[in-house]
Structures are given as structure tokens and as C-alpha cells.
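The primary structure of each chain is shown beneath.
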Amino acid sequence: MNSAVINFKTDPKTKKALQQYAKELGTTTSSLLNANIRQMLRSRKVILTDSLEPNAELEKVLRAVEDDIKHNRIGPPMNREEALDHLRSMM
């Protein structure tokens, strides 16, 4: 098989974590990266996460919004000018 070398820099902690992850999957770092590159080129998409779970900060915001909705603290929709006036009043 013909091979080409691609060099890029990463911090040692990231390299070690990637090597461990590849080992858990039963493959090599090189095979894992090649599979991801091929998938990216086939799909023309870059996927940067393996889950769609919100982080703690987003969960907090979502709970607050749900609480606002539950207690009717959400105002009526605003047009552009009303929204700008509202934002200006907060400064």
C-alpha cells in the first residue's frame, strides 16, 4: 500500500488520550484517524462530537427556560424594533 505521511501538532495529553481510545476500540491511532478522514471525505461533513448531550451550563439554561414557560414569564413575540428597544433598556 502506498502511504503518505501527514504531520500535525497536538499536546501530549491529547495524543495519549487518542492512543488510549484507539486501543479501547481495538485499533491503532493511525487506523482510527484514517477511518475518520475517509468518512469525512465521503460525507463531506465534519463531526466533532459523539453525543448530543447538553453540557451543565446549557442544562441550567434549559431548566430556567422551562420554568419561565411553566410560570408564564415568557412575553409575547417582539418585532425587530421592539426587541432592540428592549435590549437598549437593559443597558
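Residues numbered from 1 in each chain as written. Predicted model: local features only at pLDDT ≥ 70, side-chain atom pairs only at ≥ 80, totals over all residues. Heavy atoms only, no water.

1. Topic: the layout of surface pockets
Basically, it comes down to this: Buriedness for pockets is judged along seven lines, at least five of which must meet protein on both sides within 12 Å for an open set on the 1 Å grid over protein atoms alone, while cavities are sets there where a 1.4 Å probe fits but cannot get out, and lining residues have an atom within 4 Å of a point. Grid points are joined across faces, edges and corners, and a volume is the space filled by probe spheres set on the points. Helix and strand labels come from DSSP, where a helix needs a run of H or I of at least four residues and a strand needs a run of E of at least two; each type is numbered from the N terminus.
Taken as a whole, the largest pocket holds about 1200 Å³ of empty space. Around the largest pocket sit 34 residues that line it, and L32, L33, N34, N36 and I37 are the ones nearest its centre. The biggest single contributor to the lining of the largest pocket is helix α2 (residues 29-43), with 12 residues.

2. So, helix α1 (residues 12-25)
Convention followed: Under the convention used throughout, the expected extent of a helix is 1.5 Å for every residue step, that is, one less than its residue count.
The first and last C-alpha atoms of α1 sit 20 Å apart over 14 residues, in line with the 20 Å expected at 1.5 Å per residue. Looking one or two places after α1, you find G26, whose phi comes out positive at around 80°.

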